[in-house]
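Given next are the chains, with one letter for each unit.
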Amino acid sequence: MSSAIIVGGGIVGCAVALELAQAGVQVTLIERDCLGSGATAAGMGHIVVMDEGEAQLKLTLYGQQLWQTLTAAHPQRHEYHECGTLWVATDAEEWQLVAEKAAVYRQHLIPCEILDAAALYAHEPALRAGLVGGLLVPNDSVVYPPKSAVYLWQQAEKHAAKLVYGEVRSIQANAVQLSDGRQLHADAIVIANGQRCIELLPELPIRAKRGQLVITERYPNLIKHQLVELSYIKNAHASSGDSVAFNLQPRPNGQLLIGSSRQFDRTDRQIDQQLLSTMLRKAIDYVPALADVRCLRTWTGVRAASPDGLPLIGQHPEQAGLWLNVGHEGLGITTALSSARLLADQMLHRPAALDLQPYLPRGLQQEQR
Amino acid sequence: MSLNLVIVGAGPAGLAAAWSASQSKANVTLIDQYDQAGGQIWRGGTHAAPKRYQHLFAQQTELRYLNKTHVIGANADHLFLATPNGPQQLAFDRVILANGARELFLPFPGWTLPKVLGVGGLQALVKGGLPIAGKNVVVAGSGPLLVAVASQLKQRGAIVKAVVEQAPLGQLLRFGRSLAGYPSKIGQAAQSIAMLRNTPFYPNTWVVAAEGAGAVQQVRLSNHHSIECDYLACSWSLIANTELAQQLGCKLEHSFVLVDRGQQTSVNHIYAAGELTGIGGEDKAIVEGQIAGFAATGNYQAASQLAHKQAQARQFSQQLATSFALRPELRQLAQANTLVCRCEDVTFEQLQNQPSWRSAKLQTRCGMGVCQGRVCSSATQYLFGWGQDSVRFPIHPVSVADLVMESV
Ligand SMILES: Cc1cc2nc3c(=O)[nH]c(=O)nc-3n(C[C@H](O)[C@H](O)[C@H](O)COP(=O)(O)OP(=O)(O)OC[C@H]3O[C@@H](n4cnc5c(N)ncnc54)[C@H](O)[C@@H]3O)c2cc1C
Ligand SMILES: Cc1cc2nc3c(=O)[nH]c(=O)nc-3n(C[C@H](O)[C@H](O)[C@H](O)COP(=O)(O)OP(=O)(O)OC[C@H]3O[C@@H](n4cnc5c(N)ncnc54)[C@H](O)[C@@H]3O)c2cc1C
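Residues numbered from 1 in each chain as written. Chains lettered and ligands numbered in written order. Predicted model: local features only at pLDDT ≥ 70, side-chain atom pairs only at ≥ 80, totals over all residues. Heavy atoms only, no water.

Some thoughts on empty space enclosed by the protein
All names here are of chain A. Here is the rule: Detection works on a 1 Å grid of protein atoms alone, calling trapped sets that fit a 1.4 Å probe cavities and calling open sets with protein on both sides within 12 Å along at least five of seven lines pockets, with lining residues defined by an atom within 4 Å of a point. Grid points are joined across faces, edges and corners, and a volume is the space filled by probe spheres set on the points. Here the term charged refers only to Asp, Glu, Lys and Arg, the term nonpolar to Ala, Val, Leu, Ile, Met, Phe, Trp, Tyr, Cys and Pro, and the term polar to all other amino acids, Gly among them.
Tallied over the full model, the rule gives 1 cavity of 30 Å³ or more. Its volume calculated, the largest cavity comes out at about 40 Å³. In terms of lining residues, the largest cavity is bounded by Q56, L59, G309, L310, P311, H328, L331 and T335. Here the residues of the lining of the largest cavity are counted per class, giving 4 nonpolar, 4 polar and no charged.

Right, dumping it as structure tokens:
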């Protein structure tokens, strides 16, 4: 394989571009809007090790390690900030989860610290009274994803990668057709256009999960860590209906990012006021001082969700030369670098650091063909 | 059940709309973010408003007036409000948007110095009590607002050192001659000009830089004059506050809300009037407001009787736009290190190589700060020819608590 076309210049497409270009592949990246403008611009940019199953934990941990390497030289170019995650427990049941979560992390040698109530308030005095404790995971961090996407692209460009602005309309064997009529050819085609992958390949088992976020003015001293409720996974990953979970991020410049919500099958940009209210009521419940914090704006973004929550990384089961890196749900910033590495390993016949099986493309819908 | 009509903005256009809507049995709610009604020109002095609107200030009608209330967003059938008593959702059958315009600021070296203000900004401060007597002021930019405000400042004792207008003299003279068709304008213009008898007026000239330690002390002009001053008041043009209209899905044309002869926008039941549909001042705001108020309440007969006045007002608006069109040299004023976005400290140089407004926002945070691009997005549109991005909720910053609506 000597040439590749990558469809989509989000964080994932840019990461794949760098992996392939570095290995000497002639890369063409195609983007319909501007680099990093899709889900990559909408997300929170939390680089977080998530433990909803072994495969997810390994992919996010590997991703985090690659992020640490990538950002080491110029952390400020990514607005990289190692604020850590503090998982907050509200009751005995969640306190039990703290212990279980800590056990899993320790088993994978991930540093973490169990905080009792007193330690919790010492770390985060703005949390409301009556909480029972939490789990601090100090290596988790935040980045500003659109900048990182462009950074990755600029590195790829140094290895002769080319950027084409245009919208891919359809995929043929070793070629893509753009909406303006242009046709581009390459040995391999990589689909990395996020949630819109189903417009090109309707058989992919990807559903839209819309989220809403709020950004505030600057409050540099209110919180120090990214605060997440312990029931996050339970609340965030219901398989139907609307849900909200408390997720509050301190940006390095003092702004706060308030999340999070999930709505299936919506891709429009109209704010759902009711869901926004529910989400913010919850945030105020955890951090009462938020009530008086001034909001600059809200926005929506769309996650691309697979049925099991894991991305699809590898060759299309029925089309040789067509490769996928899609379905990152709410973790695609964290998993961009690890998934790009695992995809390049497959395309270039290199050994991979992880067992690839759980991530290989799967679950294609036959009847939609 | 009577029709629920909501009017956003209690300036001339909104008040005129409220007046004509109140001729029918509609249930009218008028909203303004300020305490007092009146908008840019009538606020702070009801005597300035034509008689037949004065009762609206006094709130003697059936009209419900929600003051100190910001409309922060909208969907297909509700407006979202930030009121002094917390957030509120207001259901509507029809909306008349009459929420006016703001000043366009273009970046030039020194434009962020203290005491460099908008022309309307300085006007408002002076109305609000800022002592201006004996102060040296340069009024610069473009449009009739310069002369109007300069004469008001002079009346209050300011020393207006110069009025600096970028439009060429020929264009200004042609505009002056065209005023013959608008008797009411002649009177205003003549008054202002008489007031400014001994004030230097430089056409075909613009500010190249404002200089000073700590605050502006001197202004350099394109005609190589330098003028010492205590204040520089600048206004390049007015731009419509289209955010709410955009959130409602109304089509824009050249950055103004597109309306038909009944002032209806591209969206059914949503009307727009005044500066929002094209800069044309008080007369245009009043006639458009009246038509919108009639049309929105089904009083088409009354609306159509104003068609001639409306056509005249729109023609005047066109003339304003062509006479005071901004010259291309103004795009060259900003230097590499001149701030374009003062909220996030983004310089001209950082923006120069960005492919689009969206990319500029994502990569430099231009327009992402406290003002949410209200200042710099129009400037970059002019400087780089960039289009606009989608409008985000809320259109004014509010507290988190103000976004928590009671269940619908
Ligand atoms: C509200 C929210 C919060 C999130 N928070 C986090 C978080 O804290 N941590 C985390 O790790 N992840 C988070 N995520 C997830 C993360 O943002 C996404 O998984 C990630 O950005 C996906 O990147 P991508 O490159 O696959 O897709 P995208 O960023 O959507 O990129 C796809 C690109 O392809 C382009 N494109 C689409 N179709 C075409 C076409 N036909 N032709 C050409 N170009 C095309 C688009 O314009 C776009 O630029 C969050 C997501 C959301 C919505
Ligand atoms: C800074 C400035 C100074 C001006 N000075 C003069 C002058 O001296 N002489 C002159 O002839 N013309 C002046 N004008 C022109 C003026 O706009 C028109 O003459 C006239 O006021 C237009 O009337 P309007 O009703 O369209 O808008 P406006 O008078 O601007 O009224 C709009 C109203 O809507 C309200 N509003 C806006 N957004 C919201 C919201 N989201 N929620 C609630 N309320 C909202 C505002 O508070 C305002 O009261 C000035 C314009 C500007 C921008």
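Brief notes about the domain arrangement of chain B
Residues and elements named next belong to chain B. For clarity, the threshold we go by: An automatic or database domain assignment supplies the residue ranges for each domain. Note on definitions: a residue-residue contact is assigned when non-hydrogen atoms from the two residues lie within 4.5 Å. Each of two parts loses accessible area, computed with a 1.4 Å probe, when they are put together; buried area is these two losses added. A carboxyl oxygen of Asp or Glu within 4 Å of a side-chain nitrogen of Lys or Arg is what we treat as a salt bridge. By the criteria applied, helices consist of DSSP H or I runs no shorter than four residues and strands consist of E runs no shorter than two, each listed in order from the N terminus.
Taken domain by domain, chain B comprises domain 1 (4-102 + 239-320), domain 2 (107-235) and domain 3 (333-408). The distance between the C-alpha centroids of domain 1 and domain 2 comes to 29 Å. Listed per partner, the contact involves 11 residues of domain 1 and 10 residues of domain 2. Both sides together, the interface formed by domain 1 and domain 2 hides about 820 Å², and carbon and sulfur atoms give 48% of it. Per-residue buried area on domain 1 facing domain 2 is highest for D283, F316 and Q319; these three make up 54% of the total on that side. The tally of links between domain 1 and domain 2 comes to 1 salt bridge. Of the charged contacts, one joins D283 and K185 as a salt bridge, the two residues approaching to 3.5 Å between their closest N and O atoms. Secondary structure elements with two or more residues in the side of domain 1 that touches domain 2: α2 (39-42), α9 (281-296) and α11 (307-323). Looking at which element gives the most residues to the side of domain 1 that touches domain 2, the answer is α11, with 5 residues. In terms of residue class, the side of domain 1 that touches domain 2 is made up of 3 nonpolar, 5 polar and 3 charged.

Brief notes about the domain arrangement of chain A
Residue and element names in this part refer to chain A. So the rule is basically this: N or O atoms within 3.5 Å of each other form a polar contact, as long as, within protein, one can give a hydrogen and the other can take it, and as long as residues adjacent in sequence are counted only when both atoms are side-chain atoms.
The assigned domain composition of chain A is domain 1 (3-45 + 145-205 + 308-368) and domain 2 (81-139 + 207-305). Spacing between the C-alpha centres of domain 1 and domain 2 amounts to 29 Å. With 13 residues of domain 1 at the contact, the number on the domain 2 side is 21 residues. Sorting the residues of domain 1 by area buried against domain 2 places M44, Q195 and E329 first, and these three jointly supply 62% of that buried surface. Summed over the shared surface of domain 1 and domain 2, the result is 2 salt bridges. Between E329 and R262 there is a salt bridge; the shortest N-O distance is 3.0 Å. In this assembly, domain 1 and domain 2 are joined by 6 residue pairs in polar contact (both at pLDDT 80 or more).

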